[in-house]
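Summary of the model geometry
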Amino acid sequence: MKVTFLGTGTSQGIPVIGCDCKVCTSPNPKDKRLRVSALLELSDKNILIDVGPDFRQQMLTAKVKKVDAILVTHEHRDHVAGLDDVRAFNFKYNMDMPLYTYPRVQEALREAYGYIFNSNYPGVPMIKFETIEKNVPFQIGETSILPIEYYHGRLPIMGFRVNKFAYLTDFQTIKDDQLALLGDLDVLVISALHHQKHYSHITLYDALQMIEQIAPNKAYLIHMSHYMGLHDEIERKLPENVFLAYDGLQIEVN
Ligand SMILES: [Zn+2]
Ligand SMILES: [Zn+2]
Ligand SMILES: [Zn+2]
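Residues numbered from 1 in each chain as written. Chains lettered and ligands numbered in written order. Predicted model: local features only at pLDDT ≥ 70, side-chain atom pairs only at ≥ 80, totals over all residues.

1. Observations concerning the overall build of the protein chain
The number of helices and strands found in the protein chain is 8 helices and 14 strands. Relative to its length of 254 residues, the protein chain is compact, with a C-alpha radius of gyration of 17 Å against a globular reference of 18 Å. The buried share among the 254 residues of the protein chain stands at 41%. Of the contacts made within the protein chain by residues no fewer than 6 positions apart, 61% connect residues no fewer than 24 positions apart. (Helix = DSSP H or I, 4+ residues; strand = E, 2+ residues; numbered from the N terminus. Rg over C-alpha atoms; globule rule 2.2 N^0.38 Å. Buried ≥ 20, exposed ≤ 12 C-beta atoms within 10 Å, placed from the backbone. Contact = placed C-beta atoms within 7 Å.)

Pasting the structure below:
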């Protein structure tokens, strides 16, 4: 499986509008972060995790020709604001886009996108909800995907495990029964906002503790804010099996 990090920034992205800090003005392309999303290219299907406000730009930049299904972690706008642009794939392949998520997130999307779900307006995106729940693996093509639940502040949200790869964004806490599903990982992707405590995200320090506990072969950090610091400076300080992901990074996972 090939994983492409399409976006690795927190909800505001980096640069932040109007900010003159050293990260937001850095000339290093690795310091420019769109909102989080990842593409999993399997032998038979392309699966997208989250469809945020930068979806259109991400599809164009990575030259993605097809998305077969979308997995949505939760209903915050930085993870779902690109839904309207799914139309391009509806039109090209004449298919409804399967969108796998919790019933609660489906309700939130129906409310936020009334013109898509509650009208007969022509030319709107065609979305087909597929309901998933924690601990119950589901199948897309030849691939089995396991939803794993954890907490983002007090909000239960969904991460995904595919074979020895797991993706947990907007992470804060996890119960033991779900943590137990994260054993024997080759690659763990987990969010780390910055260095200061936050009410719904973990810090870099906490993310490193979590990585030590889960003990994957390698870990990649996502959902960083500009307060995290310069990519190259921070990455030098990390343990040798932990990396800051950056937009456009591609990795192979078995
Ligand atoms: Zn987020
Ligand atoms: Zn800044
Ligand atoms: Zn969130």
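Read on for the rest.
2. Quick word on the sheet that holds strand β7 (residues 138-140)
The 7 strands lie next to each other as β7-β8-β9-β10-β11-β12-β13, forming an open sheet whose pairing is mixed. In the strand order of this sheet, the two ends are held by β7 and β13 (242-244), each with one partner. The mean inter-strand angle of the sheet, taken between neighbouring strand axes irrespective of direction, is 25 degrees. Bridging between strand β9 (residues 155-162) and strand β10 (residues 165-168) involves 3 bridges; their strand directions are antiparallel. Within β10, the residue paired with valine 162 across the bridge is phenylalanine 165. (Pairing = 2+ DSSP bridges. Axes fitted to C-alpha atoms, helices over the stretch in contact; angles between N-to-C directions.)

3. Some remarks on the sheet that holds strand β3 (residues 46-49)
Hydrogen bonding along the main chain pairs the strands of a sheet, whether they run parallel or antiparallel. On the basis of which strands lie adjacent, the open sheet formed by 7 strands has the order β6-β5-β4-β3-β2-β1-β14 and mixed pairing. The outermost strands of the open sheet, each flanked by one partner alone, are β6 (127-131) and β14 (250-252). Recorded for the sheet is a direction-independent mean angle of 25 degrees between the axes of neighbouring strands. Bridge count for strand β5 (residues 97-101) against β6 is 5 bridges, and the pairing is parallel. Within the sheet, the bridge partner assigned to leucine 99 lies in β6 and is phenylalanine 129.

4. Section: the pairing of β10
Successive side chains on a regular strand alternate, one facing one side of the sheet and the next facing the other. The two faces of β10 match: Phe165 and Tyr167 on one face and Ala166 and Leu168 on the other face are all buried. Where β9 folds back on β10, the antiparallel hairpin that results is connected by 2 residues, among which asparagine 163 adopts a positive phi of roughly 55 degrees. The pairing of β10 with strand β11 (residues 187-191) spans 4 bridges and is classified as parallel. Bridge pairing in β11 links leucine 168 to isoleucine 190.

5. Considerations on the environment of asparagine 94
The residue asparagine 94 is located in the loop between α3 (87-93) and β5 in this model. With 8 C-beta atoms counted inside 10 Å, the residue asparagine 94 sits in the exposed group. Separated by 139 residues in sequence, asparagine 94 and glutamate 233 place their C-alpha atoms 46 Å apart.

6. Topic: the pairing of strand β1 (residues 2-7)
Extensive coverage of β1 is indicated by the burial of 5 of its 6 residues. With 5 bridges joining them, β1 and strand β2 (residues 37-41) adopt antiparallel strand pairing. Following the sheet pairing, phenylalanine 5 is matched in β2 by alanine 38.

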